[in-house]
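Working through the structure, step by step
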Amino acid sequence: MSRIGRLPITIPAGVKVDVSDDNVITVKGAKETLTRTLHPDMKIVIEGDTLTVVRPSDDKLHRSLHGLTRTLVNNMIIGVTEGFTKALEINGVGYRAQMKGKVLTLGLGYSHPVEFEAEEGITIEVPQPNQILVKGANKERVGAVAAKIRSFRAPEPYKGKGIKYADEHIRRKEGKAGAKKK
């Protein structure tokens, strides 16, 4: 039995969970309403303030979907109550970020500033010129937006310049072996 899949999910106060007949789950909370279509074989059982995911058999497909389904539903509940945050750091001389309304403007050493507008349900904050915070209720979309921002100037291994996740460690490489140091 799946160790993650069999764990019950506690539904906090203020969160409403609805499951339709075609396995579309809707989670309504203080921050947002999230909807997702789950695999038709997985069964969601709601008893009071706990939710459990039940698989129909020990088939390999059902075993793999068991933990996944439970994690997706749990992330939806966490998203509508607390939300998710992904922090990015900008390293490099002259590299900076700033918000102009809803548009994130990045100076990344190109001949032009890179502008990025956040999609609906995602907020971007710039507490310092070298820090970016991506926030939202949907964990997948927060991660996708953070990855898109990182892709504008991914960190390079020689000087470490670029945009990286706050908890990411960049493996540094040594320069040319015979290079003269100035």
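Residues numbered from 1 in each chain as written. Predicted model: local features only at pLDDT ≥ 70, side-chain atom pairs only at ≥ 80, totals over all residues. Heavy atoms only, no water.

1. Re the sheet that holds strand β2 (residues 16-19)
The three strands lie next to each other as β2-β3-β4, forming an open sheet whose pairing is antiparallel. Either end of the sheet is taken by a strand with one partner, and the two such strands are β2 and β4 (33-37). Each neighbouring strand pair of the sheet contributes to a mean axis angle of 10°, computed without reference to strand direction. In this structure, β2 lies alongside strand β3 (residues 24-28), joined through four bridges in antiparallel fashion. Bridging from a neighbouring strand, lysine 16 pairs with lysine 28 of β3. The strands touched by helix α1 (residues 60-81) within the sheet are β2, β3 and β4, with β3 carrying the most contacts at an inclination of about 25°. (Pairing = 2+ DSSP bridges. Helix = DSSP H or I, 4+ residues; strand = E, 2+ residues; numbered from the N terminus. Axes fitted to C-alpha atoms, helices over the stretch in contact; angles between N-to-C directions. Contact = heavy atoms within 4.5 Å.)

2. A short note on α1
Its 22 residues give α1 an end-to-end C-alpha distance of 33 Å, which sits within 8% of 32 Å, the value for a rise of 1.5 Å per residue. Bending of α1 peaks at approximately 25° at the position of histidine 66. Glycine 83 sits one or two positions beyond α1 and adopts a positive phi of about 90°. (Expected span 1.5 Å × (residues − 1). Bend = angle between axes of the 7 residues up to and from the residue.)

3. A short note on the pairing of β3
For β3, a buried count of four out of five residues is recorded, marking the element as mostly surrounded by other parts of the structure. What sits between the antiparallel neighbours β2 and β3 is a turn of four residues, in which asparagine 23 has the positive phi angle 60°. In this structure, β3 lies alongside β4, joined through five bridges in antiparallel fashion. Among the inter-strand pairings, isoleucine 25 is bridged to a residue of β4, identified as arginine 36. A loop of four residues connects β3 with β4, the two strands running antiparallel in sequence. (Buried < 20%, exposed > 50% of the residue type's maximum accessible area, 1.4 Å probe, protein only.)

4. Remarks on the UniProt feature "domain: Large ribosomal subunit protein uL6 alpha-beta" (unreviewed entry) in the chain
Per the UniProt annotation, the sites labelled "domain: Large ribosomal subunit protein uL6 alpha-beta" (unreviewed entry) are residues 11-83 and 92-165. For residues 11-83, the end-to-end C-alpha separation is 15 Å, with 30% helix and 33% strand making up the annotated structure. For residues 92-165, the end-to-end C-alpha separation is 14 Å, with 18% helix and 38% strand making up the annotated structure. (UniProt positions renumbered as here; feature names shortened; annotations may be inferred.)

5. So, the environment of leucine 61
Considering the arrangement of structural elements, one finds leucine 61 in helix α1. Looking at leucine 61, the relative accessible area reads 41%, which means it is partly exposed. As for leucine 61 and aspartate 41, which are separated by 20 residues in sequence, their C-alpha atoms are 9.7 Å apart.

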